[in-house]
Amino acid sequence: MSKIWLTPMDIKQYFYCRARPYLIHVMKVHESPKEYMIEGKEAHEGLSRLEARRKTLFKCINIKGQKYFRVKLISRRLALRGVLDCLVVSNGKYIPIEYKTSKSYKGTIHSHHKYQLVAYALLVEDVYNTIVRKGYVYYHADDRLLCQAITSNMRRQVLKALESIRRMILTEQEPIVRPLPRKCRACGYKRFCPWLLV
């Protein structure tokens, strides 16, 4: 497989809907800039400044250690790169943390955010020659910091997804898409999507 560089965002898109990487990389479509996305980008950029306010929250779940923000990660082996929102290094353990401006899914991590976190965990493992056992997703809208175990099965699913996205880009073959109306309604690509259900 040719070296096509991807990002954890591509993984997030893939696990949200298989059509998204195809629309982005093959059809070269860009998501419609909705008002909430613009606000979300602004809020996302300001989130690292909220670290002082969240010290109590971090203490509650015993995340102690050095915190690094906006960590650039590049793995030539995986042909994967990205910027992690926060990396905590505590007693030789590396803990990736992703910030989301949205709400959690009924107090749990959205599936596509979970796999994006796993992609970051793979990057951290490769860059720092370590094993990541867990990570966190912080949902700003409902102020929840949720823990996610990083399992071998999840790692395999992300590696398989990377391979699938690269194959899709190289062959330009349309993916098998199972659209869900609630996801389609909220999707910024719906104007361009041939699989649209709404």
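These figures come from a predicted structure and were not determined experimentally.

## Quick word on the sheet that holds strand S2 (residues 80-90)
Argument step 1. Taken in spatial order, the five strands line up as S1-S2-S3-S4-S5 in an open sheet, and their pairing is mixed. At either end of the open sheet lies a strand with only one pairing partner, and these are strand S1 (66-75) and strand S5 (144-149). Neighbour-to-neighbour, the strand axes of the sheet open up by a mean angle of 35 degrees, direction not taken into account.

## So, the pattern of salt bridges
Close approach of charged atoms lets side chains of opposite charge pair.
Argument step 1. Under the criterion given, the structure shown has six salt bridges.
Argument step 2. Note that Asp 85 is salt-bridged to Arg 70, the shortest N-O span being 3.6 Å. Of this pair, Asp 85 sits in strand S2 while Arg 70 is found in strand S1, placing the two residues 15 residues apart along the sequence.
Argument step 3. With relative accessibility at 4%, the residue Asp 85 sits in the buried group.
Argument step 4. Taking relative accessible area as the criterion, Arg 70 reaches 48% and is therefore assigned partly exposed.
Argument step 5. A salt bridge links Glu 163 to Arg 167; the nearest nitrogen and oxygen atoms lie 2.8 Å apart. With Glu 163 and Arg 167 both in helix H6 (residues 152-171) and four residues apart, the pair spans about one turn of that helix.
Argument step 6. On the basis of relative accessible area, Glu 163 is assigned to the partly exposed category, the value being 42%.

## Here's the deal with helix H1 (residues 8-16)
Argument step 1. Of all nine residues in H1, eight are buried; the element is thus mostly enclosed.
Argument step 2. Buried positions along H1 lie against helix H2 (19-26), S2, strand S3 (93-100), helix H5 (111-128), H6 and helix H7 (181-186).

Each value, and the rule that gives it
Residues numbered from 1 in each chain as written. Predicted model: local features only at pLDDT ≥ 70, side-chain atom pairs only at ≥ 80, totals over all residues. Heavy atoms only, no water. Pairing = 2+ DSSP bridges. Helix = DSSP H or I, 4+ residues; strand = E, 2+ residues; numbered from the N terminus. Axes fitted to C-alpha atoms, helices over the stretch in contact; angles between N-to-C directions. Salt bridge = Lys/Arg side-chain N within 4 Å of Asp/Glu carboxyl O. Buried < 20%, exposed > 50% of the residue type's maximum accessible area, 1.4 Å probe, protein only. Contact = heavy atoms within 4.5 Å.

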